[in-house]
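# Structural characterization, general
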Amino acid sequence: MADTIQPADEKGVQDAVAAALSDAMPLEIVGGGTKRTLGHPVSASGILSLSALSGIVSYEPEELVITVRPGTTLEEVEAALADRNQCFAFEPPDWRGLLGSDGRQTVGGVVATNQSGPRRLRAGAARDHVLGARIVTGRAETVKIGGKVVKNVTGYDLCKLIAGSYGTLAVMTEITLKTLPAGEKTRTVLLFGQDHAAAQAAMTEALHSPNDISAAAYVPEAIAGRSGVGYVANSNAAVTAVRVEGPEPSVAARCAALRDLLGRHGDVEELHFHNSRKFWAEAGDVSAFADGSDPVWRLSIPPASAPGTVARIAADIDCDFFADWGGGLVWLKPRGAAEDAGASTVRNAIADTGGHATLIRASEELRRQVPVFQPQPAALGALSARIRDGYDPAHILNPGRMSLQTTLQTTLPTTVRTGEGG
Amino acid sequence: MQMPEPDSAVIARRGDIVAALRRIVPGEGVIAEETALRAYECDGLTAYRQLPLIVVLPETVDQVARVLRYCREHGVKIVPRGAGTSLSGGALPLADGITLGLGKFNRILEIDYPNRCVVAQPGVTNLALTQAVEADGFYYAPDPSSQIACTIGGNVAENSGGVHCLKYGLTTNNLLGLELVTMEGEIIRLGGNHLDSGGYDLMGVVTGSEGLLGVITEVTVRILTKPPSLRALLVGFGSSEEAGACVSAIIAAGIVPGGMEMMDRAAIHAVEDFVHAGYPLDVEALLIVELDGPEAEVDHLVDRVRDIASENGAVSVRASESEEQRLLFWAGRKAAFPAVGRISPDYYCMDGTIPRHRLPDILSRISEASQRYGLGVANVFHAGDGNLHPLILYDANRPGELEKAEEFGAEILTLCVEMGGVLTGEHGVGVEKRDLMGTMFSEIDLKQQQRLKCAFDPALLLNPGKVFPTLHRCAELGRVHIHGGETRFPDLPRF
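Definitions and limits used
Residues numbered from 1 in each chain as written. Chains lettered and ligands numbered in written order. Predicted model: local features only at pLDDT ≥ 70, side-chain atom pairs only at ≥ 80, totals over all residues. Helix = DSSP H or I, 4+ residues; strand = E, 2+ residues; numbered from the N terminus. Rg over C-alpha atoms; globule rule 2.2 N^0.38 Å. Buried ≥ 20, exposed ≤ 12 C-beta atoms within 10 Å, placed from the backbone. Pairing = 2+ DSSP bridges. Axes fitted to C-alpha atoms, helices over the stretch in contact; angles between N-to-C directions. Contact = placed C-beta atoms within 7 Å. Nonpolar A, V, L, I, M, F, W, Y, C, P; charged D, E, K, R; others polar. Parallel < 35°, antiparallel > 145°, perpendicular 65-115°, else oblique. Left-handed = near helix turned anticlockwise from the far one by under 90°. Core = buried A, V, L, I, M, F, W, Y, C linked by C-beta atoms within 7 Å.

## Quick look at the overall build of chain B
- Helices and strands together make up the secondary structure of chain B, namely 18 helices and 19 strands.
- Computed over C-alpha atoms, the radius of gyration of chain B comes to 24 Å, within 12% of the 23 Å expected from 2.2 N^0.38 for 495 residues, which places it in the range of a compact globule.
- Out of the 495 residues belonging to chain B, those deemed buried represent 57%.

This is the structure:
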């Protein structure tokens, strides 16, 4: 087992990274430890835990800005936001059930993996809400990126790069995020009994209507049966769902308009506060595929291409699926165990769409063999590698997490030794 | 403003470079005559002018790739340019550099309603994107004030904003895909018409990179359904403090207006004289609050905002009752820059962002500095997101006055940073704010930003002299500094 170092402050993080750099001893970066199985297995000599780097540094609801340390639990931050009727608009999901992990997820982990829930469709991804950060790069340098205001174009937008980099570029020590008012009311209109293509057409129609949809999903019958929401589980039918949020009169009017619109395709029902919230939490948390260890794929593709893509995959491998983000996010679980977790089938099926497929859940053995992230064309891959070398030239931060290459770089690139030793 | 020393060896090779470019871009796409080059000597920051070495106007992506490959192989600098509307000098030419104009990339390639996106060449104007889809009930949300002229490629390069940013985001939040030609002449695709990228978010960092990382040759934007109802409120206040408090109260009430603009007394008077929008003249601050969305929501929120305004000391509140009236409310704000242009021979537009609650502080500091410099100032302000546009009034024909205006501007931007804000909210750093980057970022911060540049353009040929006050060689930035010999942190646990 690797040893764990748990710095209490930013200086401690910088010292830990500096030591790792000078000893060529790579680190696995861990927050709450709920997502350690995302990506390829990391081969590190030690663990850098950020859980002691915790707490809200400042929260100014009227400025729509919150600054937190990366190890702060999402629970703590969301409670503070809820106290002021605000939220993270990107609706961070909870994948602990999906990944079979416990512990508490941290804001740092959410940002590092760019995890966004159903509202991503309308409100943007986690990375769209990162305004600034302090980071320690693999050069053991502490760097400020971005700012602490909601509108800023000063210098490169490095927040975009750090968000979703899975800790392979830098260790975050402080993060500033944009907050937004939480919708006063939420309601969901359900349409029953559509096949995938008809559901896609219905979602598109709803999204093209002026009803300001904040989430849209399609759940085939087999998956609907697993829902904890009675209206969904007992429907014995596939469910197409669209959500509206906002002030009461607006939500009521839009809900009525959507019932009319979708009612032309089949039976409709509506979910109010608790049921609506539960339904979308299940979608974001991928509850349908929780409690298991079989491979699970996450496809981000053009929404209109989803029915065809899923049909191509299903022709080859038996699978369960459901779609979120207006149809463009497909969660897919092969039923039998293919040798490569279905990678070749899935990636062939999406090849023409330009989208990407990520193997979110798989055994460690599979994650050593199958590219977890969508393989990139050579020029793009080379560019990404050069970017990484700019941040972490010795590959001491989460080495291997985002690539199959896990061999350690034991000799450092053009190093300059300074000082006389000690 | 000091630009990098032109390379006389490159200038001496001008004839060869022109000939080489003409082999890549035939016909009239290579401009070398001084009179024709004159049209490219500046962008929207007209105080700075420089004739480019050559202008090239390619028509195909392949030509762009070959031009960049040629430049890389021959060590020639290159400045990408859209419509040249940048207010920060992002497209300011270099005496020893080629200006690469993308004006001929002016076609919309695909309108894809099922996936709610439009694929366009970079030279398509911002407004043309909306015009292409509005008959079908859609629009492209970011709307910089130059939207008639500015191009989507330039919008991506500058991460342009507009008056609707608080609710709809900047360019970066409305993009799905890019095609980019790198300095190596490689054509790479970032994103597509799906959401989020698989690996590092290169589309995110290219957006707003001010032409320093690559040349954008295709853009895929998200389009939105046009809100069925739009109404605006015109709210007057006796003080900017009250107006600022009203803005905060609106947001605290959970309302995110489509637009929320503020003007100070000087700006109100300048625009009212110009467009007669019916603005109250006896107020110190005027707010325009626009609500958009479903009709039921807009009418409900108009009433709530009206109440909040009254509770916060508004001396006049009017809500638009017709589309004509709404447009009239906006006419003044939209004409603010030309209106100020009428009352002063020249004006200099600043673009800092501050935490909104510091508004009264910065307005009083600006007013104090205005007296000290002897230069007038009118303030317009994207109040929702704290983005301040002070317009400094000066006369370029009076010796020393431009320099004084610039010094005043630098003081304002430095104040923005001191108050917890940033140098630029939407106009970009360019050459204008380049030398102020040190007020916001340390040398280490800036070096790390430049390492990103090195991954894309190790020879520093793309738009040099912009954004960064000091150009570090990439070889120097690439080195890893390790304290040699002994263990540096003896008290740390070892693995």
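## Details of the sheet that holds strand 9 (residues 170–178) of chain A
All names here are of chain A.
- Ordered in space as 4-5-9-7-8, the five strands form an open sheet in which the pairing is antiparallel. Each of the sheet's edge strands pairs with one partner strand only, and the pair in question is strand 4 (56–60) and strand 8 (142–146). Each adjacent strand pair in this sheet contributes to an overall mean axis angle of 15°, direction not counted.
- The pairing of strand 7 (residues 130–137) with strand 8 spans five bridges and is antiparallel.

## Brief notes about the interface of chain A and chain B
- Taken residue by residue, the interface counts 96 residues in chain A and 85 residues in chain B.
- Counted by class, the side of chain A that touches chain B contains 40 nonpolar, 36 polar and 20 charged residues.

## What to know about the environment of glycine 326 of chain A
- Looking at the element boundaries, glycine 326 of chain A is found in the loop between strand 16 (319–324) and strand 17 (329–334).
- In this view, glycine 326 of chain A contacts Leu121, Met203, Leu207, Ala216 and Pro303 of chain A; residues no more than four positions away in its chain are not counted.

## Overview of the packing of helix 2 (residues 14–24) of chain B against helix 4 (residues 61–74) of chain B
All names here are of chain B.
- In the contact formed by helix 2 and helix 4, the axes pass within 10 Å of each other and the chain directions differ by 155°. Between helix 2 and helix 4, the interaxial angle falls into the category roughly antiparallel. As for how helix 2 packs across helix 4, the hand of that crossing is right-handed. Residues Ala20, Leu21 and Ile24 of helix 2 form the contact with helix 4, whose participating residues are Gln63, Arg66, Val67 and Tyr70.

## Some details on the sheet that holds strand 2 (residues 27–30) of chain A
Residues and elements named next belong to chain A.
- Ordered in space as 1-3-2, the three strands form an open sheet in which the pairing is parallel. The sheet is open, and its two edges are formed by strand 1 (3–5) and strand 2, each paired on a single side. Direction aside, neighbouring strands of the sheet carry axes that sit 30° apart on average.
- Looking at chain direction, strand 2 and strand 3 (residues 46–49) are connected through four bridges and run parallel.

## So, the nonpolar core
- In this structure, Ile162 of chain A together with Cys246, Leu287 and Ile392 of chain B are the most contacted members of the largest nonpolar core, which totals 213 residues.
- Not counting residues up to four positions away in its chain, the partners in contact with isoleucine 392 of chain B are Tyr347, Tyr348, Met350, Leu375, Val377, Ala405, Phe408 and Gly409 of chain B.
- Ala206, Ala283, Val296 and Ala323 of chain A belong to the second largest nonpolar core, which has 65 residues in total.

## A look at the packing of helix 12 (residues 306–316) of chain A against helix 13 (residues 343–350) of chain A
Residues and elements named next belong to chain A.
- Direction vectors running N to C along helix 12 and helix 13 enclose 150°, while the axes themselves pass 9 Å from each other. It follows from the interaxial angle that helix 12 and helix 13 lie roughly antiparallel. The way helix 12 lies across helix 13 gives a crossing that is right-handed. Counting all contacts with helix 12, which are made through Thr309, Arg312, Ile313 and Asp316, the residues of helix 13 involved are Thr345, Val346, Ala349 and Ile350.
- Looking at side-chain class alone, the contact of helix 12 with helix 13 contains four nonpolar, two polar and two charged residues.

## So, the environment of serine 248 of chain B
- Its location among the elements puts serine 248 of chain B in helix 9 (residues 240–252).
- Under the C-beta neighbour-count criterion, serine 248 of chain B is labelled partly exposed, with 19 such atoms within 10 Å.
- Between the C-alpha atom of serine 248 of chain B and that of arginine 356 of chain B, which follows or precedes it by 108 residues, the distance is 7.9 Å.
- With sequence-adjacent residues up to four places away left out, serine 248 of chain B is seen in contact with Glu62 of chain A together with Arg356 and His357 of chain B.

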